Amino acid sequence: LAAGAMGARWGIRFTLIIGLCLQLLSYGLLFGWQDDWSKSTAIIYVTIAQMFAGIAKDLTKLGGKTVTKLVTPEEKDTQLFKLVSLLTGWKNSLK
């Protein structure tokens, strides 16, 4: 919901770039891992890194879906939605 509001307010390009930057930040945080941390500190640190990765995923997914829809010719919309539903079904069946 928040990603959609950001996309409507600041544009898809902005949300896509922010999503990619947050993804890099979350990967970078994992390089800061210290083996001598206590268990609780490690859990909090990884949870924060996962939080940024989740936000990044949502923002990037919003941008990717919208761009795909914008560049697809109108006569190909039906084929696109059939392909997306097929791929989504396959993905969900593997879960």
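Being a predicted model, the structure only gives us computed values, none of them experimental. (Residues numbered from 1 in each chain as written. Predicted model: local features only at pLDDT ≥ 70, side-chain atom pairs only at ≥ 80, totals over all residues. Heavy atoms only, no water.)

**Some remarks on the overall build of the protein chain**
Looking only at helices and strands, one finds 4 helices and 0 strands in the protein chain. Its helices and strands in sequence order give the protein chain the pattern α-α-α-α, from N to C terminus. Residues classed as buried in the protein chain amount to 14% of the 95 residues present. Considering only intrachain contacts with a sequence separation of at least 6, the fraction spanning at least 24 residues in the protein chain is 65%. Of the roughly 7400 Å² of accessible surface on the protein chain, a fraction of 68% belongs to carbon and sulfur atoms. (Helix = DSSP H or I, 4+ residues; strand = E, 2+ residues; numbered from the N terminus. Buried < 20%, exposed > 50% of the residue type's maximum accessible area, 1.4 Å probe, protein only. Contact = heavy atoms within 4.5 Å. Areas by Shrake-Rupley, 256 points an atom, 1.4 Å probe, with all protein chains shown as cover.)

**Examining the packing of aromatic side chains**
As enumerated under the stated definition, the model contains 2 aromatic pairs in all. Centre to centre, the rings of Trp33 and Trp37 are 5.7 Å apart; their planes meet at 65 degrees, and the pair counts as edge-to-face. In this structure Trp33 comes out as partly exposed when scored by relative accessible area, which is 38%. For Trp37, a relative accessible area of 26% corresponds to the partly exposed category. Three or more aromatic residues joined by ring pairs form one cluster here, namely Trp33, Trp37 and Tyr45. (Phe/Tyr/Trp six-rings, centres within 6.5 Å; stacked < 30°, edge-to-face > 60°.)

**Let's talk about the confidence of the model for the protein chain**
Looking at the protein chain as a whole, the pLDDT averages 80, with 79% of positions reaching at least 70. When the elements of the protein chain are averaged for pLDDT, helix H1 (residues 2-10) gives the smallest value, 69, and helix H2 (residues 12-30) the largest, 89. (pLDDT = per-residue confidence, 0-100.)

**Some words on H2**
Count 3.6 residues to each turn of an α-helix, and residues three or four apart come out pointing the same way. Helix length check: H2, at 19 residues, gives a terminal C-alpha distance of 28 Å against a target of 27 Å (1.5 Å per residue), a fit within 8%. Three or more residues of H2 are buried, namely Thr15, Gly19, Leu22 and Ser26. Considered in projection along H2, the buried side chains sweep an arc of 65 degrees and stay on one side of the axis. Away from its buried face by more than 90 degrees, H2 exposes Arg13 and Leu24. (Expected span 1.5 Å × (residues − 1). Arc of directions from axis to C-beta.)

**Here we look at a nonpolar patch on the surface**
A contiguous nonpolar patch, built from Ile44, Ile48, Met51 and Ile55 and spanning about 350 Å² of accessible area, is present on the exposed surface. When you line up the elements, Met51 lands in helix H3 (residues 39-71). (Patch = residues over 30% accessible without salt bridge, like charges linked within 9 Å, V, L, I, M, F, W, Y side chains within 5 Å. Salt bridge = Lys/Arg side-chain N within 4 Å of Asp/Glu carboxyl O.)

**Focus on the pattern of salt bridges**
Evaluated as defined, the whole model comprises 1 salt bridge. The residue Lys57 makes a salt bridge to Asp58 at a minimum N-O spacing of 3.1 Å. With a relative accessible area of 46%, Lys57 lands in the partly exposed category.

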